[in-house]
Amino acid sequence: MRMVDLIIDKREGKAHTREEINYIIREYTAGNIPDYQMSAWLMAVCWRGMTEREVSELTSAMMHSGDVVDLSDLPGVKVDKHSTGGVGDTTTLVIAPLVAACGGTVAKMSGRGLGHTGGTLDKLESVPGVCIEKNIDEFKDIVRRIGLCVIGQSGNLVPADKLMYALRDVTGTVESIPLIASSIMSKKLAAGTDAIVLDVKCGTGAFMHTPEQAKKLARTMVKIGDALGRKTVALITDMDQPLGMAVGNGLEVREAIEVLSGKIKEGDMLYEVCMLLAENMLRLSGLAEDDREARAKLTKAIETGAGLKKLEQMLTALGARDAKACIADPNTLCTVKKKVPVYLNGEGYITGMHAADIGNAAQKLGAGRAEKTDIIDPAVGLVMHKRRGDFVKAGEPVATMYVNDESRLEEAVKTLRGAIELGAEKPEHEPMVYDVIK
């Protein structure tokens, strides 16, 4: 078998066999296929696409390119949730404790943020003392004791994806549904869970800009999950504006605590998307017959404080120095030298937001990374005071920036102002959830 022949086959639109796909992934991961040949093959996939069978077999080959976590000795249905990335997306820190409080088992390996999106690990590490680097035995012990744990991904989890993604990033081969879907699902499947709820974002702050693109990706990932024996559901959710009002690590943890404390109410975007994701996690876990029963259980977990207690237990298990004090006063997570109100020029209804630019504004304050080696300031970021459709009066702040380093403050303010459009008429309502793919 020669790689050049497989490149030609894909260039001509032919489907690979399972053996050919396994050969490509195995030999590339081992260093026996050079980057220039893999780049040519990736471009051929972008151009010609793949069949459903090929995508499932590619995902399986990538999944087995490194460690595969075995969670079979943990009780219950192990359920995970994955977001394709967004701004103010604090859902994991809300739904994992809530699902665990309802009897679920949430075993999640997560990633860090890069660019305008925030990573769950960075948010967790804004709590003093938290360490997300746990070995598999420690991880499983925490899940067994309290019903949930979120840690960083194993160093040898899907090495094929690490190599391929780095190559795709510099060869113009990122935008391919088969390659995106296999990248996401190989990591989720290798992490060992039984069921997966996917939050596929669409809009100005997401990789998929339209609901149609997001649905195509979602359908592909659900089919992969089904083909490889995992119960999988995908929600298509809006990312034309930040999901929560807070953008920044400590600020987002504070907002998650506010949801779990009942301070953020039904009808709020973050609250509703969290509940919808958690409802599906409970149904896939066999803990609720339908969405109504699931919503009732989740609401009770908020009202009784059971969900908040689970978050405290997880933070403590991850090494937090004083999780109880952090939850009692989450403002300690976002104590900064200066808070700067941001005003717009003029007044009117907010007719549009560019969510990625709002995330970029927070990143310029030190809340995110432009490069993987950048150091995050966990306390800084911004809090929006308005959403799309709200009226902004002259002299009324649209947001407040939490600032320690002022070196890029002016640039951050300019970026945020440019991300918000004003108009004379209130815009039409847009849905929070476009579709559910099962």
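Here's what I pulled together on the structure shown here. (Residues numbered from 1 in each chain as written. Predicted model: local features only at pLDDT ≥ 70, side-chain atom pairs only at ≥ 80, totals over all residues. Heavy atoms only, no water.)

**Some words on the sheet that holds strand β4 (residues 195-202)**
Thought 1: Strand order in the open sheet formed by six strands is β3-β2-β1-β4-β5-β13, with mixed pairing between adjacent strands. Edge strands, defined here as strands with exactly one partner in the open sheet, are β3 (148-152) and β13 (433-437). Recorded for the sheet is a direction-independent mean angle of 20° between the axes of neighbouring strands.
Thought 2: Pairing of strand β2 (residues 105-110) with β3 involves five bridges; the strand directions are parallel. Its bridge partner being in β3, A107 is matched across the sheet by C149.
Thought 3: Its contacts with the sheet put helix α12 (residues 269-284) on β1 (78-83), β2, β4, β5 (231-238) and β13, and the angle it makes with β4 is roughly 150°. (Pairing = 2+ DSSP bridges. Helix = DSSP H or I, 4+ residues; strand = E, 2+ residues; numbered from the N terminus. Axes fitted to C-alpha atoms, helices over the stretch in contact; angles between N-to-C directions. Contact = heavy atoms within 4.5 Å.)

**A look at the pattern of salt bridges**
Thought 1: What the rule picks out here adds up to 32 salt bridges.
Thought 2: Across the pair K338 and E406 runs a salt bridge whose closest N-O atoms are separated by 3.3 Å. Taken as a pair, K338 in strand β7 (residues 338-342) and E406 in the loop between β11 (399-403) and α17 (409-418) lie far apart in primary sequence, 68 residues in all.
Thought 3: In this structure K338 comes out as partly exposed when scored by relative accessible area, which is 36%. (Salt bridge = Lys/Arg side-chain N within 4 Å of Asp/Glu carboxyl O. Buried < 20%, exposed > 50% of the residue type's maximum accessible area, 1.4 Å probe, protein only.)

**Focus: the nonpolar core**
Thought 1: Within the largest apolar cluster, 149 residues are counted, with the highest numbers of intra-cluster contacts made by M38, W41, M384 and M401.
Thought 2: No other element matches the 11 residues that α12 contributes to this core.
Thought 3: In this view, M38 contacts M3, I24, I25, Y28, I33, M164 and L167; residues no more than four positions away in its chain are not counted. (Core = buried A, V, L, I, M, F, W, Y, C linked by side-chain atoms within 4.5 Å.)

**Comments concerning helix α5 (residues 91-101)**
Thought 1: For α5, the tally of buried residues reaches 10 of 11 residues, placing the bulk of the element in the interior.
Thought 2: Considered for burial, the residues of α5 that qualify are T91, T92, L93, V94, I95, A96, P97, L98, V99 and A100.
Thought 3: Note on α5: the residue one or two positions beyond its end, G103, has a positive phi of about 100°.

**Overview of helix α4 (residues 52-63)**
Thought 1: An ideal rise of 1.5 Å per residue puts 16 Å on 12 residues; α4 measures up with 16 Å between its terminal C-alpha atoms.
Thought 2: The buried count for α4 comes to nine of 12 residues, which makes it a mostly enclosed element.
Thought 3: Buried within α4 we find E54, V55, S56, E57, L58, T59, A61, M62 and M63.
Thought 4: Check the buried side of α4 and you find it contacts α1 (3-11), α2 (18-29), α3 (35-48), α8 (159-171), α9 (177-190) and α10 (211-227). (Expected span 1.5 Å × (residues − 1).)

**Some points on the side chain of Q241**
Thought 1: Take Q241: it is sitting in the loop between β5 and β6 (246-247).
Thought 2: Owing to a relative accessible area of 9%, Q241 belongs among the buried residues under this scheme.
Thought 3: At a separation of 3.0 Å, a polar atom in the side chain of Q241 contacts the main-chain amide nitrogen of R388. (Polar contact = N/O pair within 3.5 Å; in protein donor to acceptor, adjacent residues only side chain to side chain.)

**Structural notes on the sheet that holds strand β8 (residues 348-353)**
Thought 1: The three strands are arranged β10-β8-β12 in an open sheet whose pairing can be described as antiparallel. The sheet is open, and its two edges are formed by β10 (391-392) and β12 (420-423), each paired on a single side.
Thought 2: Where β8 meets β12, four bridges bridge the pair, whose relative direction is antiparallel. Of the residues in β12, the one forming a bridge with I350 is L422.

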